[in-house]
Amino acid sequence: MTGADDLRARTRALLADRPPATTSRADFLAARFDAGLAWVHYPEGLGGLGAARSLQSVVDAELAAAGAPDNDPRRIGIGLGMAAPTILAYGTEEQKRRFLRPLWLGEEVWCQLFSEPGAGSDLAALSTRAVLGDDGEWTVTGQKVWTSSAHLARWAILIARTDPAQPKHRGITYFLCDMTDPGVEVRPLRQITGEAEFNEVFLTDVRIPDAHRLGEVGDGWQVARTTLMNERVSIGGGTGWRESGMIAPLARTWRERPERRTHALHQRLVTLWVEAEVARLTGERLRQQLAVGQPGPEGSGLKLSFARLNQQISGLEVELLGDDGLLYDDWTMRRPELVDFTGRGPGYRYLRSKGNSIEGGTSEVLLNIVAERVLGLPTEPRTDKDVAWKDLAR
């Protein structure tokens, strides 16, 4: 096994061979991937060294101290947090070698084609169809919605129904879809914030080769669960320093606006500050647990906490600002590359946080997951569990 000392030596050798000050960002990142220092727990040849996941921090610390560039993880978060671990778990060797390197380098942005207008919380009820032709290619037709980064993406992870005679959780297959193919149409969805960070995607007779199928035919729900568990950790499990994230601008406002302070507001602020710190430490613990396994349902609990805290913190910030909290910085229609909570004003944080309890799994669905899969409570009655999808009432 590769240890911490070996990783430090490898990282310092990379820095000596490719000094960040004189090496282009693209060349440095490519050399880092090829040296196995991209994600050290991945196999050799795929950006890793088969080392313990927890040792990634050793590499990251050395690179940060040297001022080395990163791969802009916020911009390519869907690829890093959802597509990559799913491809690693279920992809063929050819798929892994084709997709993981440009994904990590940020050369190809990814999006997620899961939710549909009639299949959001009940994702397994999806109706997008994929039919296999005699030529070995699938023809996909349907509509997806709430698709972050679809306007930027080259590739998408896609689930579609391939056997409507099976119950809804079966008969689904998972694909890698080229967003530049004919028949893929991306339309912006303007949000309450004024911008269109989400999209709706229409798929009309899109041709996907069987070589871009991930996992077995009909096993798409199992593959998708891997993606969803990683998504919830990616959304809710981010770690940072103490008083970082959404609590930071609220604490700053409290310090800068003493005239607005009251005992009641102070009590609420302290409570939220403590809860934010607990969530941060819980996220760190979860990431350490991931070092010895795959994400489980615990990530759903963390994502639940993330959504609730963001909404309560942003609400308190607007209330603390009084009349100024009613102002909004900019209603300009944009199609941004990433969500920047702390780079915008309090009004934006308040409005955008409303989506936190919907995206990445609604809070209601996640409560069920925590109740059933973490606490072991009885499952809800599901009368449609063994009924063929084509026979379900719609």
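Here is a short report on the structure shown in this document. Since this is a predicted model, take the numbers as computed values, not measurements.

**Examining the packing of helix H1 (residues 4-17) against helix H3 (residues 56-65)**
- Contact geometry for H1 and H3: axes closest at 9 Å, N-to-C directions at 35°. For the crossing formed where H1 meets H3, the hand is right-handed. Counting all contacts with H1, which are made through Ala4, Leu7, Arg8, Thr11, Arg12, Leu14 and Leu15, the residues of H3 involved are Val58, Val59, Glu62 and Leu63.
- Per-class residue counts for the contact of H1 with H3 are seven nonpolar, one polar and three charged.

**What about the pairing of strand S2 (residues 129-132)?**
- Bridge count between S2 and strand S3 (residues 137-144): four bridges; the pairing is antiparallel. Residue pairing for S3: Leu132 is matched across the bridge by Trp138.

**Structural notes on the layout of surface pockets**
- Reported here for the second largest pocket is a volume of approximately 210 Å³.
- Where the lining of the second largest pocket is concerned, the elements lending two or more residues are helix H5 (93-105) and strand S8 (213-214).
- Broken down by element, the residue count for the lining of the second largest pocket peaks at four residues, all from H5.
- When the residues that make up the lining of the second largest pocket are grouped by side-chain class, the tally is four nonpolar, four polar and five charged.

**Remarks on the packing of aromatic side chains**
- Throughout the structure, instances matching the rule amount to 10 aromatic pairs.
- Between the aromatic rings of Trp39 and Tyr42, the centroid separation amounts to 4.1 Å while the plane-to-plane angle is 20°, which identifies the pairing as stacked. A single burial state applies to Trp39 and to Tyr42, both of which are buried.
- The ring of Phe202 is capped by Arg187, whose NZ or CZ atom sits 4.0 Å from the centre of that ring.

**Describing the pattern of salt bridges**
- Inspection of every chain in the model, using the stated rule, returns 34 salt bridges.
- Arg154 is the salt-bridge partner of Glu108, the closest N and O atoms lying 3.9 Å from each other. Separated by 46 residues along the polypeptide, Glu108 in the loop between H5 and strand S1 (110-113) and Arg154 in the loop between S3 and strand S4 (155-161) bring together distant segments of the chain.
- Arg154 sits in the partly exposed class, given a relative accessible area of 30%.
- A salt bridge links Asp324 to Arg257; the shortest N-O distance between them is 3.4 Å. Of the two residues, Asp324 sits in the loop between helix H9 (298-321) and helix H10 (346-352) while Arg257 sits in the loop between helix H7 (247-256) and helix H8 (263-290), which places them 67 residues apart along the sequence.
- Arg257 sits in the partly exposed class, given a relative accessible area of 22%.
- One network of salt bridges, in which partners are shared, links Arg98, Glu108, Arg154 and Asp178.

**Description of the state of the cysteines**
- Taken as a whole and assessed by the stated rule, the structure comprises zero disulfides.
- Looking at Cys111, it has no disulfide partner, and the nearest cysteine sulfur is the one in Cys177, 7.8 Å off.
- Look at Cys177 and you get buried, because its relative accessible area is 0%.

**Topic: the nonpolar core**
- By size, the foremost hydrophobic cluster in this structure holds 34 residues, and its most contacted members are Trp39, Trp110, Phe114, Ile157, Ile159, Tyr174 and Leu176.
- Of all elements in the fold, only helix H2 (25-34), helix H4 (77-90), H5, S4, strand S5 (172-178) and helix H6 (220-236) reach the threshold of two or more residues within this core.
- Apart from residues no more than four positions distant in its own chain, Tyr174 is found in contact with Thr86, Phe114, Ile157, Leu158, Ile159, His212, Arg213, Leu214, Gly220, Val223, Ala224 and Thr227.
- Within the second largest apolar cluster, 20 residues are counted, among which are Ile76, Ala130, Ala153 and Phe175.

**A look at the environment of Gly136**
- Of note, Gly136 is situated in the loop between S2 and S3.
- Gly136 sits in the partly exposed class, given a relative accessible area of 29%.
- Sequence separation between Gly136 and Ile208 is 72 residues, and the spatial gap between their C-alpha atoms is 9.0 Å.
- Sequence-distant contacts of Gly136, that is, excluding residues within four places in its chain, are made with Pro209 and Asp210.

**Quick look at the environment of Gly194**
- Inspection of the secondary structure puts Gly194 in the loop between strand S6 (184-189) and strand S7 (198-209).
- The buried category is assigned to Gly194, whose relative accessible area is 2%.
- Between the C-alpha atoms of Gly194 and Tyr348, which are 154 residues apart in sequence, the distance is 9.3 Å.

**Brief notes about a nonpolar patch on the surface**
- A grouping of Val270, Val274 and Val278 is seen on the molecular surface, where their side chains present a nonpolar patch of about 220 Å² in accessible area.
- Locating Val274 in the fold gives a position in helix H8.
- In this structure Val274 comes out as partly exposed when scored by relative accessible area, which is 43%.

Conventions adopted
Residues numbered from 1 in each chain as written. Predicted model: local features only at pLDDT ≥ 70, side-chain atom pairs only at ≥ 80, totals over all residues. Heavy atoms only, no water. Axes fitted to C-alpha atoms, helices over the stretch in contact; angles between N-to-C directions. Helix = DSSP H or I, 4+ residues; strand = E, 2+ residues; numbered from the N terminus. Left-handed = near helix turned anticlockwise from the far one by under 90°. Contact = heavy atoms within 4.5 Å. Nonpolar A, V, L, I, M, F, W, Y, C, P; charged D, E, K, R; others polar. Pairing = 2+ DSSP bridges. 1 Å grid on protein atoms, 1.4 Å probe; cavity = no way out; pocket = protein on both sides within 12 Å on 5 of 7 lines; lining within 4 Å. Points joined across faces, edges and corners; volume = space filled by probe spheres on them. Phe/Tyr/Trp six-rings, centres within 6.5 Å; stacked < 30°, edge-to-face > 60°. Buried < 20%, exposed > 50% of the residue type's maximum accessible area, 1.4 Å probe, protein only. Lys NZ or Arg CZ within 6 Å of the ring centre and 35° of its normal. Salt bridge = Lys/Arg side-chain N within 4 Å of Asp/Glu carboxyl O. Disulfide = S-S within 2.5 Å. Core = buried A, V, L, I, M, F, W, Y, C linked by side-chain atoms within 4.5 Å. Patch = residues over 30% accessible without salt bridge, like charges linked within 9 Å, V, L, I, M, F, W, Y side chains within 5 Å. Areas by Shrake-Rupley, 256 points an atom, 1.4 Å probe, with all protein chains shown as cover.

These figures come from the coordinates and say nothing about function on their own.
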